[in-house]
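Architecture and fold: a report
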Amino acid sequence: MTTPSDEVGPTPGEEAPKTGGRRREFLTGLGAATVAGVGGWALRGQLAGVTEPAESGSPEPNATGSGKPGITHPAVPQRHIKVSVLELADPQPQAVHSAARNLAETVPSTTEDAGEVTITVGVDPRTARGLWPERATLAIELPAFDGDTTDLRTGGHLVIQVCAETAVAVSDATAALTALVPDATLVWERTGYRDAPTPQGTTRTGLGFLDGIIAPRTEEEQTAGVWTGPEQDTFAVFRRMTVLSDFTTAPVDEQERAIGRRRDTGAPLSGGETMSEIDLFAKSPDGEPLIPAAAHARRAHPANIGRALMLRRSYSFDPPEGAGVLFIAFVNDPQTFIATHRRLDEQDDLIRHTITDASGCFFVPGSWEL
Amino acid sequence: MSVSMRRVLAGLSAAAALVATSACGDTSEPETQAVIRVPDDATLEEAGDLVEPGGLILISSGTYEGTLEVSADDVTVRGDDRNGVVLDGGLTASNGIVGTGERITVENLTVRNYLQNGVLITGVTDDSGAGIARGPDGYVPSEAPPPVPGYLVQYVTASNNGLYGIYAFNRTSGVIQHNLASGGSDSGIYVGQCADCNASVTGNVVVRNAVGIELANASTVTVTGNRIVDNRVGISVLSNYLEAHGPTQSLQVAGNVIADNDQTETPTQASGGFGIGIGLAGAVGSDIRSNLISGNDNVGIWMTSSEDFAPIDNTIGPGTWGDNGVDIAYAPTDHAPGSGNCIETGPESAGVTTEPSGLAALGCGSDLPASDYTQPPAPDGISFADVALPDERQGLPTVDDQPRQLPETVELPDISAIETPSADLLESGA
Ligand code: HEM
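Residues numbered from 1 in each chain as written. Chains lettered and ligands numbered in written order. Predicted model: local features only at pLDDT ≥ 70, side-chain atom pairs only at ≥ 80, totals over all residues. Heavy atoms only, no water.

Formed by 67 residues in total, the largest nonpolar core has its most connected members in B:Ile57, B:Ile59, B:Val77, B:Val191 and B:Val221. Taken domain by domain, the makeup of this core includes at least three residues from each of domain 1 (34-95) and domain 2 (116-389) of chain B. Counting 53 residues, the second-largest nonpolar core is a separate cluster that includes A:Ala104, A:Leu131, A:Leu138 and A:Ala169. (Core = buried A, V, L, I, M, F, W, Y, C linked by side-chain atoms within 4.5 Å. Buried < 20%, exposed > 50% of the residue type's maximum accessible area, 1.4 Å probe, protein only. Domains from an automatic or database assignment.)

Structure follows, in structure tokens:
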């Protein structure tokens with residue numbers, strides 16, 4: 001196979017698994033998430049563990065169930081989030097490491113009603129490569145994308161993602177954590193919320209569309225697309241995006257064609273139900289694809305780039321105009337995100353109505369051992 | 001049944017296969033025959049189970065509904081009259097003829113009004129042994145099995161089918177010749193997913209399809225002496241990740257008439273293509289020469305990238321050009337930039353127009369400057385079922401009851417000896 005030596009093509013010797021196995025099998029993983037969602041968040045602590053077998057070995061302080069906190073655990077993401085990107089006074093890899101590890105292993109005290117509080121900490125790509133030359137080989141900064149604003153916030157040495165069921169808990173916990181790195185400066189931050197979960201554990205974004213339908217739920221899918229290896233390291237991509245009001249005020253059928261799914265049910269325009277996959281090949285008799293050529297779900301579909309499915313775990317926020325999306329994805333190779341976003345830049349009737357004003361890609365180690 | 005099970009068993013372990021084979025050894029199976037006459041000996045659908053390896057299914061004139069599935073090796077499916085034997089899907093059946101065995105021949109008949117394919121020759125089967133291809137049926141490229149060798153599809157008229165007229169998938173060593181494919185909602189003729197297709201597509205007429213001839217992740221294919229007119233896109237060459245074995249390499253296209261591919265009375269092309277003679281997306285090592293490429297409203301040849309597949313080492317040689325929106329557009333993307341491509345249209349085509357301009361003067365040796373050419377939006381299409389029926393074409397010179405023995409490999413034509421055809425190549429059915 002011939003691939004160009006630059007950018008999207010995997011660099012020789014650094015190839016991540018490219019395919020995600022059978023997409024159809026995602027249904028087998030669905031049952032677990034459904035169970036967790038049905039109970040609502042109050043039950044989540046007990047039920048979330050059903051998605052994966054319990055892990056043995058060194059327990060993370062804030063991993064009460066299985067899965068990685070704030071990534072695959074809890075299976076249904078908590079209602080509130082705060083993401084903070086910090087630049088440290090001492091940029092030495094060792095200093096970043098000890099600060100990040102200290103943050104990740106701290107258990108801030110919160111109120112009883114906070115639900116499950118998860119703390120997820122990542123370090124910047126360059127530091128990660130220095131600290132874990134074997135584990136973080138694929139770490140890179142994101143390139144610029146079409147909708148990036150000219151004053152895009154980026155960079156920083158580490159990211160702290162705090163999730164909980166109450167807004168107060170995430171802000172209290174974040175304040176307690178940032179107090180541990182007093183001479184750090186804030187590069188950017190964003191709070192976000194998720195609307196009440198559906199029975200399937202998805203949620204409605206500020207656009208009114210269901211988000212998180214297609215996700216790597218099985219262990220096989222997560223191995224293919226989320227974890228870089230048995231350490232369960234991953235890369236977290238954060239994008240602070242605004243969907244402009246020319247999209248949010250467009251007629252619903254136009255929005256649906258831009259997404260490729262129904263707004264009310266989430267069902268694909270190619271047929272089926274809420275949780276059905278889109279059918280990339282279905283056409284009307286006159287040859288028109290049922291999922292339009294520029295629909296977001298088609299453009300973002302990983303089959304186009306021959307890569308595994310990324311795990312999305314986004315939150316909403318309310319900008320002065322339009323709808324805010326704190327896009328978050330966990331992926332075992334940042335190139336999967338980059339190649340996907342290139343396709344969205346080439347053609348996407350949703351993404352061309354968005355701007356992004358803060359962005360970052362961080363290595364989230366599965367263990368902090370060096 | 002033991003015959004039709006064969007390919008399913010190939011996917012199982014040897015031990016499991018033994019058990020399954022002996023389980024099938026009961027005597028209630030109908031006996032297979034060397035020559036099956038339809039309708040005298042069997043219905044169209046029964047014929048596929050009854051034919052023995054190396055046998056012949058001979059179909060008499062008449063109209064037949066439903067699907068003929070053939071899984072035995074070395075089978076010949078022959079109509080006794082190209083225009084008189086009509087398999088008609090009635091816009092309800094999926095496929096006309098599905099062949100999964102090695103070295104299959106399909107010839108001298110008409111297939112039309114199928115929701116998917118007129119003739120599907122495939123090297124992929126599902127758990128039940130049925131032949132499948134790329135599509136929503138759960139096909140996973142990373143699990144592509146080894147290709148199945150041998151096929152010949154000739155003197156077939158495939159019209160008004162919802163996907164492809166004639167479709168070869170995950171196969172090698174094939175010849176697709178003297179067919180007429182029309183009204184295909186995707187393409188008239190399609191060769192896909194073969195790392196070494198060793199396939200010759202020659203002497204066919206493809207008209208009024210969304211795409212005339214489509215090649216996706218199909219390497220070592222020659223497309224020669226075809227009449228490719230009045231489609232939305234004449235030839236579409238793709239490299240992608242939806243099928244295995246990208247990119248498409250070593251394609252040769254010579255001696256074809258590729259004209260007026262801007263017909264609105266055709267189905268919409270799925271990604272909006274229109275007015276395009278040849279679209280080359282992410283192709284490697286193609287050689288395109290001695291074609292008549294004219295009257296394509298938007299662009300004669302459009303060379304670009306596809307995902308991370310860059311256009312590399314493609315050559316556009318001499319030929320006849322006229323009246324295209326622009327004759328050649330070179331427009332790879334920034335992140336999959338082209339290299340080693342050359343445009344050597346020669347003195348006979350000094351008036352060749354290019355985007356960016358002046359490419360033809362650069363020849364080989366230097367990297368070509370890129371343009372950001374894109375075509376304007378396409379006009380709406382019509383249903384594949386409503387596309388005008390094609391004219392009748394001459395069938396097999398002689399019809400007998402001898403099955404064909406196909407060779408292990410196909411000798412591909414030497415395109416350096418092929419001359420540019422005149423505009424009336426294969427114009428009428430006479
Ligand atoms: C404003 C920003 C965005 C919004 C509102 C949005 C919304 C959606 C919606 C509604 C769906 C369909 C439902 C689902 O499967 O969850 C979807 C699917 C998807 N999106 Fe986005 N998205 C955004 C940005 C992005 C970005 C930046 C990427 C990656 C570069 C991305 C990747 C995906 C993927 C991979 C799918 C699944 C497609 C499939 O396989 O069916 N999205 N998105």
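Let us now look at the pattern of salt bridges. Counting across every chain of the model gives 25 salt bridges over all chains. When the shortest N-O distance is used, the salt bridge between A:Arg239 and A:Asp148 registers 2.8 Å. On the criterion of sequence distance, the pair formed by A:Arg239 in strand E8 (residues 234-243) and A:Asp148 in strand E3 (residues 148-153) is long-range, its members being 91 residues apart. Grouping residues by exposure puts A:Arg239 and A:Asp148 together as buried. Between A:Asp333 and A:Arg307 there is a salt bridge; the shortest N-O distance is 3.2 Å. Highlighted residues: A:Asp333 in the loop between strand E11 (323-331) and helix H10 (334-346) and A:Arg307 in the loop between helix H9 (296-300) and strand E9 (311-312), separated in sequence by 26 residues. This pair shows no difference in class: A:Asp333 is buried, exactly as A:Arg307 is. Beyond isolated ion pairs, a larger network of salt bridges with shared partners links B:Asp74, B:Glu102, B:Arg103 and B:Glu408. (Salt bridge = Lys/Arg side-chain N within 4 Å of Asp/Glu carboxyl O. Helix = DSSP H or I, 4+ residues; strand = E, 2+ residues; numbered from the N terminus.)

Next up on the list: the site of the ligand. Residues and elements named next belong to chain A. For the ligand, the set of nearby residues contains 28 residues, the closest of which are Gly212, Ile213, Ile214, His296 and Arg312. In this structure, Asp211 approaches the ligand through a side-chain N or O atom, which is 3.4 Å from an oxygen atom. Between the ligand and the protein, one listed contact pairs an oxygen atom with a backbone N or O atom of Ile213 at 2.8 Å. More than half of the atoms of the ligand fall within 2 Å of the grid points belonging to the largest cavity. (Near = heavy atom within 4 Å. Polar contact = N/O pair within 3.5 Å; in protein donor to acceptor, adjacent residues only side chain to side chain. 1 Å grid on protein atoms, 1.4 Å probe; cavity = no way out; pocket = protein on both sides within 12 Å on 5 of 7 lines; lining within 4 Å. Sits in = over half its atoms within 2 Å of the grid points.)

Applying the stated criterion across every chain yields a total of two disulfides over all chains. Covalently, B:Cys194 is tied to B:Cys197 through a disulfide, its sulfur atoms 2.0 Å apart. On the sign convention where negative means left-handed, the S-S torsion of about 90° between B:Cys194 and B:Cys197 marks this disulfide as right-handed. Overall, B:Cys194 belongs to the buried group, its relative accessible area being 2%. For B:Cys197, a relative accessible area of 0% translates into the label buried. Listing the disulfide partners of chain B by sequence rank of the bonded cysteines yields 1-2, 3-4. Between A:Cys163, a cysteine without a disulfide, and A:Cys361, which holds the nearest cysteine sulfur, the sulfur-to-sulfur distance is 17 Å. (Disulfide = S-S within 2.5 Å.)

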